Every structure is written in C-alpha cells, then in structure tokens.
Amino acid sequence: MKVAVVGAGPAGVRAVEQLVRAGLEPTWLEESPDGGGRIYQRPPAGFRRGYRAIYGADAGRARRLHATLEALKPRCDWRPDTLVWNIRTRERLLDTQTAGRRRDTLAYDALILCTGAMDRILPIPGWTLPGVTTLGGAQIALKAQGVGIGARPVFIGTGPLLVLAALQYAKAGAPPALVLDTTSFLTKAMAAAGLLWNLPTFLRGLRYTAALRMKGVAVAEDATPIAIEGEGKVMALRWRDSGWREHVTPCDAVAMGWGLKPEAQLADLAGVPFRFDATGHNWLPERDAAGRTPVPGVYLAGDGAGIGGAEVAELAGARAALALLEDHALPADLALRAHLDGRLRTEARFRAALERAFPYPAHLARRMEDATLLCRCEAITAGELRAVARYGGSEANRAKALSRVGMGRCQGRVCGPPAAEVLAAALGVPVEQVGRLRGQPPVKPIPLPGAA
Amino acid sequence: MNRAVVIGGGLHGLSTALHLARTPGWQVTVLERRHVGRHSSGVNAGGVRRLGRDVREIALSAVAFEMWSNIVALVGDDCGFQPGGQVKVAENEAELRKLEGRAAQVRDLGWTHEEVVDQAEVRRLLPAIAPHVVGALVCRGDGSADPMRTVMAFRRAAQEAGAAIVEGSGVTAIERSAAGTLRVVTEEASYEAERVANCAGAWATRIARMAGEEIPCGVKASMMIVTERLPHFCTPTVGPTGRPLSFKQTAVGTVVIGGGHQGLNDPERETSTVLFGSLAHAARIAGELFPCVKGARIMRSWTGTEARTPDEIPVIGESRTMPGLFHSFGYSGHGFQLSPAAGAAVAELMARGATNLPVAPFTQARFDA
C-alpha cells in the first residue's frame, strides 16, 4: 500500500512513527529543508546553540521529536524541500516540486495531511512597512537563525504565542518596548475554568506573563493598535489603551499575530468539506476525532486540521495513523488508541477555553478604515472591498473576482480572514455567511514548467 | 409595454438585455441561476480579437470592434479595454506562408484588418519574442479587456436602462400560456413575456430542450494560468500559428497563459477542474516564445465552462419549435469580443423580428444538412 504523509512537524513525525511501526514505508514530503515543524524548527547545519537555548521549556519535547525524526528518515521515502502543490483526488495523485524546480507526480492509496498553521493577522495602517512581521516569523528568526527582528520590538496581538515570543525576545537581550494584547483581562479570566483542563500549560502561561512584567516590559491589555508609523521603516506604534488614551511607543520592529489559522489548502483541493468553527473563528476541514475525512483515503492531523498546538499535534498525528491502519485492515495498537482518544478529548476542552480566552478581534477588522491596505499583494484597500460588497460581492469568491482581494502571491492566506470580516460587516451578515475562498492549484506559487 | 425575459446573466445575456432595455416599449428581466458572470463570462481571457476569426464571424466581429472602440459610450466604462493589438507569430517559413494565405483570403472578402508583418516589425511589436520567430499576422486595433469589469459594466448599464436582474433564479420550464405569450417558470416565480432570449451558455441546450428543441452543442472548459507580476515586456496578445497557446501580459504585469487547453468539465455540478498536464504544455510553449518568462512563478490556475457547437461558431436565431424564443449561445470560447454586437442583433430580432446586423450565418438551420 502506498501511503504519503505531507508535513514533518509534530503531527507528521508521530504519524510516520506509527506507520513505520506497522511495517509500512511511507513517502514523507516536507516543504522545508528539514523536519521539526515551525515550533521545533532546527537551526541550519553548523549552528551550535543547545536545545535549552533554542527551545527553552520545550527543549525536552524538541529533542525527543528530532530523535524520532532522524530515526524515521532512513525507514521511509524521505523527501525534504518538497512542496505538494496540487492533489488530484480522483486519480489519487500528488503533484510535487523539489528544491524549487524538480517536478514529480506521486500516486497514493492513503494520505495523511499534517500541513500546520500560520499566524492570523489584522491589517492596520503601516503593516506593510519593512520591520513588520508575524509573531511566528519573529520567533523563527530567533529560533532558527539566532537573530531578532529588532532591538526594541513591539509585540501586538493576542494568545499564548504573544507572551511567549515577547518573553523569548526579552531573554535574548531585545526587551520589547511594549506587549499590546487586544484581549481584556476579564475575557481571559472568564475562560480560566476551562483552561484548568491543561493545568501545566495554563500555569506556564501565567508564569510567562509574570516573568515579562518582572523584566520591566510594559504589557497593555484590552488595548487597540491604531497605526504603525515610520518612513521606510518602523519607527513607532500608535495605540490606544483600555481607557481610550492614545499613546505613541517608539520601536524599530513590530510582530503581530492573533492566534493561528490552519493551512488547509491541500485538504480543500482533496475535496474535504469545510465548516465554520465559531469558537476558534476559523474555517476547518471536516474530520472525525481520529482524523478521518469524508474523502476516502484522506486523513488530517495537527494544526492544519484545527488549531490545537504542538502537544495535540503529536497525539493527533499518531491517532490519524492508527485510523488509517485500521481502515486498511493493518495491525494498530489498540491500547495506544484508547490512550490517545482520552488525551485528545481533554485537550479539546482546553483548546475551546483557550480560543474563548484569546478571541480574534473581529470587531477591529470590521471597523478597519477605508484607506487601510487590506490585501498587500494586490494593493487593495478595505474601502475598495466595501465598494464591491455594495455591488454584488456578497460572497468571498465573488468579492475576490470583483476586487482582486486574495488574487496575489498569498492567495488569501494572509488577507482572507480579515477580508471576510470587512465584507461581512459591509453586508451586515455573520462572517460565516460570506464563505471562504476556494482553493486553487498551485497552493503556493511554482515556477512555470520548462523553466531554466 | 412589451415584456422580455433573458435567461442567463453572462455577458451575452446582459448585452442582449441592455440593448433591448434601451429599445422603447420593452420591459426586460434577466434571470440568472447563480450570479452574474459566474462561468466563462467572468473568467475568460478577455480577448478583444478580430484576428483569425472564422470567415463567417468576421462581419459581426467587425461591428463589435467598432463598438469596443467606443465602449464607454455603450456602457459608461472602458471595461479595461487596451487596444494593444493581437499578434499570431510564425515560427518558421511554412507557417509564415500559411499566414500570408490567410491574409489574402481575408483581403479577398473585402477586409483589411489582418496584416502580415516581417521579422523586423515583429521584433518592434514584441521586443521580448524569441529569435526564431520569422514573421506574424497582426491586427493592430485588437487587444484585450478585463472580463469581470466588462460583465459588471454591462450589468450596471442594463440596470440603468431599466432591466431587472434576478440572481439565484434558475429556469425550470418554458411554456406557452393561454394568452399566447411565453411563460418562463423558475422555482420561486413565473414570468409572462412576449419574447424570451436563451443566453444560458453551457446550459443553453437544456433551455432549448424545455422548448422541445434539440440543438447539437457540447461544452468546453478552457484552462488558464496566471503568473506573478513581471516588469512590462509585452503589449499585444500573442499566439503561435502551429501550436496551442494564447499569451498576454495584463496592465498590472501578470502574464495570462491559455490557448484552449481543456480542463475537466462537470456541467451537472456546475464545476470544472484544472488539469495541469496540458497547461504545462502551454507554459512550455510560452517559455519558448518568450524566454524571459522562464522561471516566472505560477500564481493561480482556473477554468470556466462554456458551450461549444460542432462547428465552433454560435447559434443565433429564433426557435423553430417555440416562436418568440431566441437563442444566442455556443460562442465556443471566443464570444467575448462579439458580445456588444451579438446582444444588439438578438435584441433587434426580439423587438422587430429582423436585424441588419450580420448574424445570418448563425441560424441553427446550418445543422440540418
């Protein structure tokens, strides 16, 4: 049986581990030069910082995952630096591209997609200035390259990553000038009961915030970013505190992120239906608790199937592999299955509370000023999108056709969620009613065939 | 007041509705199953082309060209029309002779818009063209427009002229009423009308069948890819003579590559799917004609569903089983340019039963033989 696994982050590693245990030799495709995922991204060869320095409290997990990754590589058809840019479900074929040029087509009988997630952003004036990046981007710069996005950065957004990334910068000698959290303390406190479903993680979050304040970093909750200011580079953040007082904080870089959104384009091309998850405020591919989709032979695991974080991704990766094995009458570890199901149930409750604690600030997207650049690839403002909403653009794909929002390099991966909010607000409907952008191959830009 | 229903909110339906709504005494309703410009009208390559037309289409295409040249007067918007020219390049002497033959044929019919140019002139028109190209057939006034912008301009103009456009309203039956008028039935309502136009594109044969008429016509789903933005290097729309490709650089710098390569079509589900294999072929040809696009990255690919007749020219004319119903479909992937003129012709046929516009070659009688 030909099994393909896309992605070698926490979910992909644990999925392949179970497949190999069952005697299979899967084809393992990873877009990056090496596995580990974004969370356990490895530094380039030759870098000598230790696990503790790079991954902090996650050092143990990172070390274990990397060890498994290395043990598995020789036992499967390991293809790093390989982008899967199209899925042809009917024929069960993957179109791939390796090292930016070599094309291949790969047949599969079963497929596990572990495609991960990316930051969810909120366009504000100045967000396209050099020096503005995502929380994830800021973290990876530090983790993989040992460099910071600036000496005096500002972190804006909400969620566990906001505080964690800010603390990592403070420890690395680039203390943030400000950590701006759009969520109020009250919202977080109200979700606290649910957060007890994962007490260690919850406590870790509290500890991070306390550590930040101990280091003298200003943390503003229930605050609103107004604009990133500067000429040709980031020079300051203009923002409003919970009492509506305006401030200008000088800084040389900005990292922003409001939770994560699944990178689910491949699931979309595979024909998996999507539903809107009101709690996480994301469109999610449909799957059961084990990762089975309604499309025969296609399984999902990790953040690409719904945001759960790295711990959950490891569990879900193993669980999806067991589901695949069972569905194809191959031996699966039943004791492990029971254990994973129990853990995943608990984690799901924790995740729901976490999403409630750190909501996407849809209200800020909805009242984005007309002049704010919404789609940076095609240079479309919020006002231009609102104009087409008034003229037949009542659905995300329609609005894209009429306004060009989401037609550029990112294919709506960056601007899609805020654009949907702007559109929904202009039409006076709930955001799920405007739908989501249909996936189109290639999922990421690829060179024309026959290229030199 | 006479009433008319136009079935199909694509470009041909909207153009027909626009012209008829501007005819005194007509009240027009457009019924569109999904939304305006949903299929090929909204996603085609936007070619405004007389070059290389089937000889039976040249006259109508020439009328349409006049209308495109002053499209603002017609719909109040320039539709993104850029008359950068259309160029069919010859990659060898044999192809050049073929193009010379074509130019002579068109000239003999009394038209002068197609012109053969030598290698130096091709180089001047297309500085980035590969060195092996020896000459070309050129139509200088041609060019391309923005299809979605064109659809919306026609929609707006039709509405301003008084036409009602009902989206999300699919036709389920057409009957003759007791009063002798036609009744167009949708799931929600029914519409009485003296005249009905069938501009339902890939689904038009179903509408014809509702009127008890069988017209030979299939479907097609031409695929296109678009690259990321590149510095400006090409003004005209370009195609080779012996190989399937259409190539243009848009105003924003992206390159749109098509050429009639067919995707997978599913008219039942109203979807079509890109097949990359044959698109890759088109992309390879593009790189051979324009070496500078090698290495450019593909951003998106798409298809649109369209009707294709056996002889690849449209069906325009009155139904033979249900008088009062007029067909206008089967443009076979090159109806975009014709739409202003075809809509005028169909509106005239509907309003007064005759037209001086050159649509006689398109009656369905041609399939009788």
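Residues numbered from 1 in each chain as written. Chains lettered and ligands numbered in written order. Predicted model: local features only at pLDDT ≥ 70, side-chain atom pairs only at ≥ 80, totals over all residues.

Asker: Describe the overall build of chain B, with residues and values.
Answerer: A count of helices and strands for chain B gives 10 helices and 21 strands. Compactness check: chain B gives a C-alpha radius of gyration of 21 Å against a globular reference of 21 Å for 369 residues, within 12% of the reference. Across the 369 residues of chain B, 54% fall into the buried class. Sequence-distant contacts in chain B: of pairs separated by 6 or more residues, those separated by 24 or more amount to 73%. (Helix = DSSP H or I, 4+ residues; strand = E, 2+ residues; numbered from the N terminus. Rg over C-alpha atoms; globule rule 2.2 N^0.38 Å. Buried ≥ 20, exposed ≤ 12 C-beta atoms within 10 Å, placed from the backbone. Contact = placed C-beta atoms within 7 Å.)

Asker: A description of the overall build of chain A should follow, citing residues and the corresponding values.
Answerer: Summing up its helical and strand segments, chain A has 15 helices and 23 strands in all. For chain A, whose C-alpha radius of gyration is 22 Å, the value lies close to the compact-globule estimate of 22 Å for 452 residues. With respect to the principal axes defined by its C-alpha atoms, chain A has extents near 65 × 55 × 50 Å. Counting contacts in chain A only where the partners sit at least 6 residues apart, residues at least 24 apart contribute 67% of the total.

Asker: Could you give an account of the sheet that holds strand β9 (residues 171-176) of chain B, with specific residues and numbers?
Answerer: Residue and element names in this part refer to chain B. Spatially, the three strands line up as an open sheet ordered β9-β10-β11, and their pairing is antiparallel. Whereas interior strands pair on both sides, the edge strands pair on one side only; in this sheet they are β9 and β11 (190-193). Adjacent strand axes in the sheet meet at a mean angle of 20°, parallel and antiparallel pairs treated alike. Sheet topology note: the strand β10 (residues 182-186)/β11 ladder contains four bridges and is antiparallel. Within β11, the residue paired with leucine 182 across the bridge is alanine 193. (Pairing = 2+ DSSP bridges. Axes fitted to C-alpha atoms, helices over the stretch in contact; angles between N-to-C directions.)

Asker: Break down the nonpolar core for me, with residues and values.
Answerer: Judged by nonpolar contacts, the single largest core of 141 residues is most densely connected at Val254(A), Leu385(A), Leu423(A) and Ile7(B). Setting aside residues no more than four positions away along its own chain, Leu423(A) makes contact with Leu385(A), Ala389(A), Gly393(A), Ala396(A), Ala399(A) and Val434(A). If you look at the next biggest cluster of nonpolar residues, it comprises 98 residues, including Val6(A), Trp85(A), Val272(A) and Leu300(A). (Core = buried A, V, L, I, M, F, W, Y, C linked by C-beta atoms within 7 Å.)

Asker: Summarise the interface of chain B and chain A; cite the residues concerned and give the values.
Answerer: Where interface size is quoted, it is often the accessible area lost as the parts come together. Contacts between chain B and chain A engage 24 residues on the former and 21 residues on the latter. Mapped onto the side of chain B that touches chain A, the elements with two or more residues apiece are α7 (147-160), α9 (276-289) and β19 (297-308) of chain B. Counted by class, the side of chain B that touches chain A contains 13 nonpolar, six polar and five charged residues. Of the strand pairs in this sheet, strand β23 (residues 446-447) of chain A and β19(B) are connected by two bridges, and their pairing is antiparallel. The partner of Pro447(A) across the bridge, within β19(B), is Arg297(B). (Nonpolar A, V, L, I, M, F, W, Y, C, P; charged D, E, K, R; others polar.)

Asker: Just give me the short version of the environment of Thr250(B), but keep the residues and values in it.
Answerer: Inspection of the secondary structure assignment puts Thr250(B) in the loop between β15 (246-249) and β16 (255-258). Once the C-alpha coordinates of Thr250(B) and Thr271(B) are considered, the two residues, 21 residues apart in sequence, prove to be 26 Å apart.

Asker: If you had to explain the domain arrangement of chain A to someone new, which residues and values would you point to?
Answerer: Residues and elements named next belong to chain A. Looking at the assigned domains, one finds that chain A contains domain 1 (3-118 + 261-354), domain 2 (121-258) and domain 3 (362-434). Its C-alpha centre places domain 1 at a distance of 31 Å from the equivalent point of domain 3. Taken together, the contact between domain 1 and domain 3 spans four residues of the former and four residues of the latter. Among the residues forming the side of domain 1 that touches domain 3, the class breakdown is two nonpolar, one polar and one charged. (Domains from an automatic or database assignment.)

Asker: Describe in detail helix α10 (residues 309-327) of chain A, supporting the description with residues and values.
Answerer: Along its 19 residues, α10(A) runs 26 Å from first to last C-alpha, staying within 8% of the 27 Å computed at 1.5 Å per residue. With 15 of 19 residues buried, α10(A) is to be regarded as a mostly interior element. (Expected span 1.5 Å × (residues − 1).)

Asker: Report on the confidence of the model for chain B, specifying residues and quantitative values.
Answerer: Averaged over chain B, the pLDDT score is 94; the fraction of residues at 70 or greater is 100%. Model confidence for the complex is summarised by a pTM of 0.90, with the ipTM given as 0.83. (pLDDT = per-residue confidence, 0-100.)

Asker: Can you break down unusual backbone geometry residue by residue, with the values?
Answerer: Residue Pro442(A) is reached from Pro441(A) by a cis peptide bond, and omega for that bond is -5°. Relative to the elements of secondary structure, Pro442(A) occurs in the loop between α15 (416-427) and β23. The phi dihedral of His281(A) falls on the positive side, at around 55°, and the residue is not glycine. You can call His281(A) buried: it has 21 C-beta atoms within 10 Å. The backbone of Ser332(B) sits at a positive phi, close to 55°, despite the residue not being glycine. One can find Ser332(B) in the loop between β21 (325-329) and α10 (339-352).

Asker: Could you give an account of the packing of α10(A) against helix α11 (residues 334-357) of chain A, with specific residues and numbers?
Answerer: All names here are of chain A. Two numbers describe how α10 lies on α11: the axes approach to 10 Å, and their chain directions differ by 140°. The angle between α10 and α11 falls in the class oblique. For the crossing formed where α10 meets α11, the hand is left-handed. Seen from α10, the contacting residues are Glu311, Val312, Leu315, Ala316, Ala318, Arg319 and Leu322; seen from α11, they are Leu336, Arg337, Leu340, Arg343, Leu344, Glu347 and Arg351. (Parallel < 35°, antiparallel > 145°, perpendicular 65-115°, else oblique. Left-handed = near helix turned anticlockwise from the far one by under 90°.)

Asker: Please provide a residue-by-residue account of the packing of helix α1 (residues 10-21) of chain A against helix α3 (residues 59-72) of chain A, values included.
Answerer: All names here are of chain A. Across the interface, α1 lies against α3 with an axial gap of 10 Å and an inter-helix angle of 45°. It follows that α1 is oblique to α3 by the angle criterion. Note that α1 runs across α3; the crossing there is left-handed. Contacts between α1 and α3 involve Pro10, Val13, Val16, Glu17 and Val20 on the former and, on the latter, Leu65, Thr68, Leu69 and Leu72. Here the contact of α1 with α3 is built from residues that sort into seven nonpolar, one polar and one charged.

Asker: Requested: an account of the sheet that holds strand β14 (residues 236-240) of chain A, with residues and values cited.
Answerer: Residue and element names in this part refer to chain A. Taken together, the three strands give an open sheet; going across it, the order is β13-β14-β15, and neighbouring strands pair in antiparallel fashion. Edge positions in the open sheet fall to β13 (224-229) and β15 (246-250), since each of these has one partner strand only. Across the sheet, the axes of successive neighbouring strands diverge by a mean angle of 20°, strand direction being ignored. The sheet contact formed by β13 and β14 spans five bridges and is antiparallel. Residue pairing for β14: glutamate 229 is matched across the bridge by alanine 236.

Asker: Which residues make up helix α1 (residues 11-21) of chain B, and what are the values?
Answerer: Counted residue by residue, α1(B) has 11 buried out of 11 residues, so it is predominantly covered. Residues Leu11(B), His12(B), Gly13(B), Leu14(B), Ser15(B), Thr16(B), Ala17(B), Leu18(B), His19(B), Leu20(B) and Ala21(B) constitute the buried set of α1(B).

Asker: Now, about the environment of Gly42(B): what can you tell me, with residues and values included?
Answerer: With respect to the secondary-structure elements, Gly42(B) resides in helix α2 (residues 40-43). For Gly42(B), a count of 21 C-beta atoms within 10 Å gives the class buried. A sequence separation of 262 residues divides Gly42(B) from Gly304(B), and the C-alpha atoms of the two residues are 8.2 Å apart. With residues up to four places along the chain from it excluded, the contact list for Gly42(B) reads Ala401(A), Gly37(B), Pro147(B), Met148(B) and Val151(B).

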